[in-house]
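# Understanding the architecture of this molecule
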Amino acid sequence: MSVASQNTSGNAPSTIAKKGVTKRLQSELMKLMMSGNKACTAFPDGDNLFSWSGNLTGADDTVYEGLKYKLSLKFPAEYPFAAPTIVSHFFLLV
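Summary of the structure given here.

How each quantity is defined
- Residues numbered from 1 in each chain as written.
- Predicted model: local features only at pLDDT ≥ 70, side-chain atom pairs only at ≥ 80, totals over all residues.
- Heavy atoms only, no water.
- Helix = DSSP H or I, 4+ residues; strand = E, 2+ residues; numbered from the N terminus.
- Polar contact = N/O pair within 3.5 Å; in protein donor to acceptor, adjacent residues only side chain to side chain.
- Contact = heavy atoms within 4.5 Å.
- Pairing = 2+ DSSP bridges.
- Axes fitted to C-alpha atoms, helices over the stretch in contact; angles between N-to-C directions.
- Phe/Tyr/Trp six-rings, centres within 6.5 Å; stacked < 30°, edge-to-face > 60°.
- Buried < 20%, exposed > 50% of the residue type's maximum accessible area, 1.4 Å probe, protein only.
- Lys NZ or Arg CZ within 6 Å of the ring centre and 35° of its normal.
- Patch = residues over 30% accessible without salt bridge, like charges linked within 9 Å, V, L, I, M, F, W, Y side chains within 5 Å.
- Areas by Shrake-Rupley, 256 points an atom, 1.4 Å probe, with all protein chains shown as cover.
- Salt bridge = Lys/Arg side-chain N within 4 Å of Asp/Glu carboxyl O.

### Focus: the side chain of S72
Positionally, S72 belongs in strand β3 (residues 67-74). At 2.4 Å, the side chain of S72 forms a polar contact with the side chain of H89. Not counting the four nearest positions on each side in its chain, S72 is found in contact with W52, T85, I86, V87 and H89.

### Comments concerning the pairing of strand β2 (residues 48-57)
With six bridges joining them, strand β1 (residues 40-45) and β2 adopt antiparallel strand pairing. When the bridges of β2 are listed, P44 appears paired with W52. Hairpin geometry of β1 and β2 is characterised by an intervening segment of two residues between the two adjacent antiparallel strands and by a positive phi of about 65° at G46. Two strands pair when backbone bridges link them, and β2 and β3 are joined in this way by seven bridges, in the antiparallel orientation. When the sheet's bridge partners are listed, S53 is paired in β3 with S72.

### Side note on the sheet that holds strand β4 (residues 85-93)
Strand order in this open sheet of four strands is β1-β2-β3-β4, and the pairing throughout is antiparallel. Two strands in the sheet have a free side with no partner beyond their single neighbour: β1 and β4. The average angle at which neighbouring strand axes cross in this sheet is 20°, direction not considered. Each of β1 and β2 is contacted by helix α1 (residues 15-35), which is oriented at about 25° to β2, the strand it contacts most.

### Some thoughts on the side chain of S51
Considering the arrangement of structural elements, one finds S51 in strand β2. A distance of 2.7 Å separates a polar atom in the side chain of S51 from a polar atom in the side chain of K74.

### Things to note about the packing of aromatic side chains
As enumerated under the stated definition, the model contains two aromatic pairs in all. Ring geometry for F75 versus Y79: centroids 4.9 Å apart, planes at 75°, classification edge-to-face. Judged by relative accessible area, F75 falls into the buried class, the value being 10%. Connected via pairs of aromatic rings, a cluster forms that spans W52, F75 and Y79. Just above the ring of F50 sits the side chain of K18; from NZ or CZ to the centre is 5.3 Å.

### Some points on a nonpolar patch on the surface
Together, M30, M33, M34 and F43 make up a nonpolar patch on the protein surface, roughly 450 Å² of accessible area in all. The biggest single contributor to the nonpolar patch is α1, with three residues. Looking at the element boundaries, F43 is found in strand β1.

Below, the structure is given as structure tokens:
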């Protein structure tokens, strides 16, 4: 964790750092929604912008064609300098 993202106790991200991450996630959500890409969707879980649920659909003419993956994404307070945790729950044949 960078010094800039720590509060005075050194344990948790500062409010300023968290606002920057929130703004970044809002921007990325808007880009994803406006892209019109039906094969990749993701939305926040309720009001928690740091936790998203999403779906990926396998591309045509690949071994993944007809598969749909359900994902959970957890964004850290240090995002985008630290990667989100992504968990695939299952896949469906569509």
